[in-house]
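Below are the chains, spelled out letter by letter.
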Amino acid sequence: MPIKQSLLTLTLFVLTSALQAQDYFFKDKAPFDTSIPSPEEFLGYPIGQQHTRHDRIVAYLTKLAEVSDRASIYQYGKTHEHRPLVILTVTSAENQSNLDNLKRQHLEFVDAGKNASNYDLPVFINLAYNVHGNEPSSSEAAMLSAYTMVASNSPEVMNYIKNAVIFIDPTINPDGRDRHSQWANQYQGNPLVSDGQDAEHNEAWPRGRTNHYWFDLNRDWLLAVNPESRGKLKWYHEWYPNVVTDFHEMGSNSSYFFEPMKPNASWDPIMPKENYEDLNNLFAGYFKEALDGIGSFYYTKESFDGTYPGYGSSYPDLQGALALLFEQASSRGHVQETDYGKIKFPFTIRNQYVSSIATVKAAVENRTTLRKYQQKFFKTAESERVATGFSGYEFGDAHDMNRNKAFIDKLLIHKIKVYKNGNKFVVPMKQPQRRMVQNLFESYNKYRDSVFYDASAWSVANFYNMQHKGVKSNSLGQEITTTDGLVNVSKVNKAEYAYIMDWDDYNAPAALYHIQSKGVKASSAFKPFSINTSSGNKSFSYGSILIPISLQKKSPEEVYDIVKAAQDKFQVPIYGTNSGFSSKGIDLGSGYFQALKKPKAALLIGDGISSYEAGEVWHLLDTRMQMPISKLQINRFRSLNLDKYNALVMVSGSYRQLDSIQRKKLKTWASKGNTLITIANASKWLVDKKLVKEEFTKKPKDTSKTKDKTKKVKRLPYVDASNNIGREQLGGAIFNVDLDLTHPLAFGYRTSVLPVYKNNEVFLKPSKNAYSTVAKYTKNPHVDGYISNDNLEIYLKPSASLIVSPIGGGRAVMFADNPNFRGSWYGTNRLFLNALFLGNKIRIPKGRD
Ligand SMILES: [Zn+2]
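Draft legend 1. Geometry of the overall build of the protein. Counting secondary structure elements, the protein contains 24 helices and 31 strands. A compact globule built from 849 residues would reach a C-alpha radius of gyration of about 29 Å, and the protein, at 29 Å, matches this within 12%. Its C-alpha atoms put the protein at 90 × 70 × 65 Å along the principal axes. Burial analysis of the protein (849 residues in total) assigns 59% to the buried set. Contacts in the protein between residues far apart in sequence, at least 24 positions, make up 79% of those at least 6 positions apart. Surface summary for the protein: the accessible area is close to 34,900 Å², and the carbon and sulfur share equals 50%. In the protein, which carries 104 positive and 85 negative side-chain charges, the distance between the mean positions of the two groups comes to 8 Å.

Given below as C-alpha cells:
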C-alpha cells in the first residue's frame, strides 16, 4: 500500500475507532463542540485502553479550562509527593462569569442568620473521584464527565450547566493512583491477559489504595491528617456543595452498588433522617434508571454504612449535603475473568460515568429540595436542643500546649468555633457546626446494629486524651481563629550547669531527637524532683530530660545554640539551671537519671504486614518527630544486619516469612539489650511463636458438672452466619486503661486513666512479673464504640493493654492496642515514642510479686 493511502486508512481507522469508543460512553450527548478535544484526542488513546497518569488527567482538565469559557481550573493543594490536587469548575459561560455572585447567594443557604429564598439558584455539585488509588475507573470517568459538560451542546447538557455549577475533582488520591496506574500499565499484555493470577492483576505491597504514607484517605475527612484531606476540607468549607459523589471499586465478582446503604447501621445518631430516608431514595430512582438503561446489574441496601463521619460519603452529609457512595466491581487491570465472564476496564468506567451524569440530572431536577434541605440543616444546627443538655464543652491540658494546639487545629479545620477563657478552651453547642462538635466530643453506647463496616468510635477528644467536660452554661471568652502563636513558651536562657526539658509536651521527643542527633548527651529522670531554674522553682515529673553542660564534648555556647534551636523548632518548655542541688527529690547527679542513647529505629514492611499500621509509624516519625526510620523489607530479612538498630518495630502482620532460623536471628538481636516493639497482631505473633513467655486471656473453664457435650452444640440458620460472626469482631472502639505512671513507658503522663483504641481481638493476659503490666484496662473500661458483651466481660476486662517482656538481656514492648491509629491518637503516641526513646533503659525486676 502506498504511504499516503496507508496513512489515510490509518487516520480513518483512528477516527472510526475514536467515534466508536466515544459512542460506547456518550453517543446520546451529541452534538459536541468539535473545537474541544475529547479525552481520546488529547491523550492519544481511547478511554479504557490504559490507565491514565494523574499528570495527564490534570493536563487534560487544564486544556479544557483553556479552550472553553464553561470551565475554570483551581489547585486546592498538593500531595506528599507534590502532585497537584485540582478541581475543574464547569457551568454555563454565563454562570462562569457570574460565579462570585452565585457563590454569595449559595452561601446564604448555609447561614442560619439569613433567609435565602432563591431556591432556583444553580445547584452546587461536587463530582469527586478516585480516593482509593487502585480503584481507577472513576478518574477515567471524571475526564468523560468533564468533556461531556464542557463540550456537549445537547439540550440535556445545556440544561445541566445552566442549572448547576459542577466541581470535578478527578483524583482525590493522586499518589496512590499513580502507584497503581504504573503497575497496571507496566504489566499490561498485548493481547490482554485476563487470568486473575497474572501480575497485572496483583499489585505489589503496599498497593495503590492508600496515599504516600499508606493512609486510607477515605477515613481522613474527619481526622484531617494528610494534605489531600486538609486541602479538600479548606475548599469544602468555602463552597458547601449540595451533592457530593464518592466513587469506589470492590471485588471483581460483584456488580455495582449505589445508595441507600445497609439501613440500620447507616443511621448516624445525629443526622437528620431526611438524608437517609428521603434524599437517598429520591436519587436512587435516577441511578436505577441510568443503569437499567445500559443493562448494568447493581444492588443497594445490603452493605456499607455511613456511621463513621470521616468517609467521603458521610462527611458531606454532616454539612447539609447529600453524599453518595458508588462501588463498581473492579477489573483491576484492563480485563479480568470473573464468575460472570470477563470484566473490562471500559465497562467499569462507563458505569461510573453514567452514574456521574445521573447525579447531575437528579441534582438539577431536585435543586429546590436540596437547597431547602441544606438551609434547614444549618438552621436546626443552631436551634435544636441536644440530648445531653450541654451548652458546650470545656477542654485543655495544662501540661501539653502542643497537644492542645493540634486538637484546636482539628476543630478549626472543621469550622468549629472555639474560644479561650482563662486557662480553658470552650466550644459552644450553639454554632453552625454543632453536629461536628457532637461528633468530636460525644461518645455512644447504644447502637441500632452491631456489625460495622469500620470504626464505631470517633470521639476525637479521646483520641487526643483531651480532658474535657460538658457544661450547662458557659462564658466564651476570646475566639480563636488560628493556632499561630497559641503555644508561647518562655525562651530558654543560657545556663552554666544544665538544661531541663519537660517530657509532658507532645513535641518533647522531637526536641530530644533533634538534640541527640546534634551529638548532645541527655538523660531521663526516673524520679520526680523540684529545682531552682531561671524561671524560679520548678517541679519536674517522671521522664524530664536533663542536658548536663560540663559532661558534653561541645562547648557551653554550642550546647546552648543546639538547645535553643530545638526549642525554636518544636516550641517545648526548656529551663536552665546553675546548680545540681534539688529542693525536693533527686539531685541532678543522682543514679535515677539514666543516660539515653539516640534511637536507631527500624520497621519491618512488606507482604503480610499491615501497610496501614506501618504507615502510621513512618508518618509519626517523619512528619511529627522529624526522625528517620529504616523501612526493612521482610523478604530481605535473612540478609539484613540488625545490629545497626537498637529498636525494631513490628506492626500487625502474619510474619509467615520468618521461619525458625529468622526468629532466632530476631531473638539473638533483642537479647543483646535491644528493644522489639510489637503492635496488636505482632504481639500475638510473639506469644504464638513463644519468643516471649506471655499468655492470652482465656475463657474461664465451664465448671458445671454436666458432661453432656451435645447440649453445647448450637444449630443456627445459615443466613445469619456473617452477622453473627461480625458481631464478635471488634471493628474499633475506645477503652480506658490504668497506667503505671512510674514506668518509663508512661513517662510524660500525669493522670493514670488513658483512653486507648482497640480494633483487634488480641487479649493479652497481664504479665506474671508484677512490674511489667504497664497498662491494664480499668474496671469499667468502655468509653465509646461497639463491643460484644462476651468480648467485654470475658476477654477485655481481665486483660492488659501494654506489657514488657524480657528477651535475654533485651525486651519486647508489647501493645495489644494500636497507639498510632490513623495518625490521630495524640493521646497514646507517647507510649509508643517512650518505647523508642526509653525502651533500652527498661529493666525487668526479678523480685517476688
Ligand atoms: Zn474504595
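Draft legend 2. How the structure looks around the sheet that holds strand S15 (residues 498-501). Overall, antiparallel pairing links the 5 strands, which are arranged S20-S15-S19-S16-S22 in an open sheet. Of all strands in the sheet, those bounded by a partner on one side alone are strand S20 (574-577) and strand S22 (593-595). For this sheet the average axis-to-axis angle between neighbouring strands, irrespective of direction, equals 30°. As paired elements, strand S16 (residues 523-525) and strand S19 (residues 545-548) share 2 bridges and run antiparallel to each other. Across the sheet, the residue bridging to Ser523 is Leu546, located in S19. Packing against the sheet, helix H18 (residues 556-570) makes contact with S15, S19 and S20, and its axis sits at approximately 15° to S15.

Draft legend 3. Inspection of the nonpolar core at higher detail. Ranked by size, the top nonpolar core spans 237 residues in total, and within it Phe395, Phe441, Tyr499, Tyr655, Phe832 and Leu836 carry the most contacts. Those residues in contact with Phe441 that lie beyond four places of it in its chain are Tyr393, Phe395, Phe407, Leu411, Val427, Ser459, Ala461 and His468. Ala498, Ile500, Leu588 and Phe593 belong to the second largest nonpolar core, which has 11 residues in total.

Draft legend 4. Layout of the packing of aromatic side chains. A full pass over the atoms with the stated rule returns 60 aromatic pairs. Seen in terms of ring centroids, Trp183 and Tyr187 are 4.7 Å apart; in terms of plane orientation they differ by 45°. Their pairing is tilted. In this structure Trp183 comes out as buried when scored by relative accessible area, which is 16%. On the basis of an interplanar angle of 85° and a centroid distance of 5.7 Å, the ring pair of Phe407 and Phe441 is categorised as edge-to-face. Linking Phe407 in helix H14 (residues 401-413) with Phe441 in helix H15 (residues 434-441), this pair joins segments that are 34 residues apart in sequence. Joined through ring pairs, the aromatic side chains of Phe124, Phe167, Trp221, Trp235, Tyr236, Trp239, Tyr240, Tyr315, Tyr373, Phe377 and Phe378 make up one cluster. Over the ring of Phe109 we find Arg371; its NZ or CZ atom is 4.8 Å from the centre of that ring. Between the NZ or CZ atom of Lys665 and the centre of the ring of Phe637, over which it lies, the distance is 5.4 Å.

Draft legend 5. Spatial organisation of helix H10 (residues 227-239). In a regular helix each residue adds 1.5 Å, so 13 residues correspond to 18 Å; H10 covers 18 Å between its end C-alpha atoms and thus fits that length. Buried within H10 are the following residues: Glu228, Ser229, Gly231, Lys232, Leu233, Trp235, Tyr236, His237 and Trp239. Looking one or two residues beyond H10, the residue adopting positive phi is Tyr240, at roughly 40°.

Draft legend 6. Fine view of the confidence of the model for the protein. Per-residue pLDDT for the protein has a mean of 93; in total, 94% of the residues score no lower than 70. Across residues 1-18 the pLDDT falls below 50, and counting only partners more than four positions away or on other chains, this stretch makes 5 contacts in the model.

Draft legend 7. The packing of helix H11 (residues 273-293) against helix H12 (residues 345-365), seen in detail. Taken N-terminus to C-terminus, the directions of H11 and H12 make an angle of 140°; their axes are 9 Å apart at the nearest point. What the angle tells us is that H11 and H12 run oblique. In this structure, H11 meets H12 at a crossing whose hand is right-handed. Across the interface between the two elements, Phe283, Tyr286, Phe287, Glu289, Ala290 and Leu291 of H11 pack against Asn351, Val354, Ser355, Ala358, Thr359, Lys361, Ala362, Ala363 and Glu365 of H12. Grouping the constituent residues of the contact of H11 with H12 by class yields 9 nonpolar, 3 polar and 3 charged.

Draft legend 8. Molecular detail of the sheet that holds strand S11 (residues 418-421). Spatial strand order, S13-S10-S12-S11-S14: 5 strands in an open sheet with antiparallel pairing. Lying at the two open borders of the sheet, with one neighbouring strand each, are strand S13 (468-471) and strand S14 (478-480). Between one strand and the next, the sheet's axes are offset by a mean angle of 35°, whatever the strand orientation. Direction of pairing for strand S10 (residues 392-395) relative to strand S12 (residues 424-428): antiparallel, over a ladder of 4 bridges. Looking at S12, one finds that Phe395 is bridged to Phe425.

Reading guide: rules and limits
- Residues numbered from 1 in each chain as written.
- Predicted model: local features only at pLDDT ≥ 70, side-chain atom pairs only at ≥ 80, totals over all residues.
- Heavy atoms only, no water.
- Helix = DSSP H or I, 4+ residues; strand = E, 2+ residues; numbered from the N terminus.
- Rg over C-alpha atoms; globule rule 2.2 N^0.38 Å.
- Buried < 20%, exposed > 50% of the residue type's maximum accessible area, 1.4 Å probe, protein only.
- Contact = heavy atoms within 4.5 Å.
- Areas by Shrake-Rupley, 256 points an atom, 1.4 Å probe, with all protein chains shown as cover.
- Lys, Arg positive; Asp, Glu negative; His and termini not counted.
- Charge placed at Lys NZ, Arg CZ, Asp CG, Glu CD.
- Pairing = 2+ DSSP bridges.
- Axes fitted to C-alpha atoms, helices over the stretch in contact; angles between N-to-C directions.
- Core = buried A, V, L, I, M, F, W, Y, C linked by side-chain atoms within 4.5 Å.
- Phe/Tyr/Trp six-rings, centres within 6.5 Å; stacked < 30°, edge-to-face > 60°.
- Lys NZ or Arg CZ within 6 Å of the ring centre and 35° of its normal.
- Expected span 1.5 Å × (residues − 1).
- pLDDT = per-residue confidence, 0-100.
- Parallel < 35°, antiparallel > 145°, perpendicular 65-115°, else oblique.
- Left-handed = near helix turned anticlockwise from the far one by under 90°.
- Nonpolar A, V, L, I, M, F, W, Y, C, P; charged D, E, K, R; others polar.

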